[in-house]
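Commentary on secondary and tertiary structure
Residue-level listing of the chains:
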Amino acid sequence: MQVIGNRDTRLSQFRKCWISGGEVTIVGAWGAGTSKEITANWNSPFEGESIGNKIPMAGGVAQAVTDMTSVSTLNSRQTWEGNRPTSFTVELKLYALEDPDVEVMQPIRALETMMAPDVSSGVLSFGGRLPDRICLNIGSKIIYTDLVIDSLSQPFDKEIDSQGRFVRVTLNLQLSTLTMVSKDMLRKGYGLQQA
């Protein structure tokens, strides 16, 4: 597997991030905006359900006379409707010490290639291959597999060399798992591993 990107031996492995997909691994430093988000979908389906809500006049009269409400804690009871896939925001810092092509430009192109599907352009052609699934390794401790890249943002206002190649850039990536992460997956060590 080809390894491109950060070659800074002064940078601790715990501050590095490896993104692998296809035949290439990109190495960069992870920045302050790097985070993980787990979202559970909870809903309170009984929120507006009460006798007073169904028959407002009778409910209003009963509440005025008895000083009691027909709303109970059941009305606020939430039900679980599944978790979303785990998502990641990765601030990937690339900078060149020797070769801007290998340390910055090729990693940008490799990430774009990982995101791109392999579809045919012919009129009678159908289908193609999905974008690559990737592996994310943050600091040699947090490893997630079977991720997809949802988005990549690259600013153009960064330092360039005399040939127009970026010598320093911070990429913002949005990644996500293909499915929600289950307790069984976590019990088996998914997400927190020793590299």
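Counting restarts for each chain, with residues numbered from 1 along the sequence as it is written. Owing to the predicted nature of the model, reporting of local features is limited to residues with pLDDT of at least 70; listing and counting of side-chain atom pairs is limited to 80 or more, with chain, interface and lining totals taken over all residues. The side-chain numbers reported here are obtained from all heavy atoms of the structure, hydrogens and water having been left aside.

**Notes on the overall build of the chain**
- What the chain contains, in helices and strands, is four helices and twelve strands.
- Buried means the residue's accessible area, taken with a 1.4 Å probe over protein chains only, is under 20% of the maximum for its type, while exposed means over 50%, and partly exposed covers the values in between. Taken across its 195 residues, the chain has 32% of its residues classed as buried.
- About 12500 Å² of surface is accessible on the chain, with carbon and sulfur atoms providing 54% of the total. Under the scheme used here, helices are H or I runs from DSSP no shorter than 4 residues and strands are E runs no shorter than 2 residues, and both carry numbers assigned from the N terminus. Exposure was quantified through the Shrake-Rupley algorithm and a 1.4 Å probe, taking into account, for residues, occlusion by the shown protein chains and nothing else.

**Quick word on the confidence of the model for the chain**
- Counting all residues, the mean pLDDT for the chain is 85, and 82% of those residues have values of 70 or more.
- How sure the predictor is of each residue is captured by pLDDT, a score from 0 to 100. Mean pLDDT per element in the chain: helix α1 (residues 51–54) is the minimum at 56, and strand β3 (residues 24–30) is the maximum at 97.

**A look at the pairing of strand β11 (residues 142–153)**
- The sheet contact formed by strand β10 (residues 134–138) and β11 spans four bridges and is antiparallel. From the neighbouring strand, Ile-134 faces β11, where its bridge partner is Leu-147.
- Two strands pair if DSSP finds at least two bridges between them. Where β10 hands over to β11, the hairpin turn is made up of three residues, of which Gly-139 adopts a positive phi near 65°.
- In this structure, β11 lies alongside strand β12 (residues 168–177), joined through six bridges in antiparallel fashion. Along β12, the bridge assignment pairs Val-148 with Ser-176.

**What to know about the nonpolar core**
- Within this scheme, the nonpolar core is defined by two criteria: the residues are buried Ala, Val, Leu, Ile, Met, Phe, Trp, Tyr or Cys, and they are joined through side-chain atoms within 4.5 Å. Among the nonpolar cores identified, the biggest contains 28 residues, and Ile-19, Leu-92, Leu-111, Leu-136 and Leu-175 are the most heavily contacted of them.
- Contributions of two or more residues to this core are made by β2 (16–21), β3, β7 (87–95), α3 (100–115), β10, β11 and β12.
- When residues of this core are assigned to their parent elements, the largest contribution, six residues, is made by α3.
- Excluding residues that lie within four positions of it along the chain, Leu-175 makes contacts with Thr-86, Ser-87, Phe-88, Val-90, Ile-134, Leu-136, Leu-147, Val-148, Ile-149 and Asp-150. Whether two residues touch is decided by their heavy atoms; if any such pair falls within 4.5 Å, the residues are in contact.

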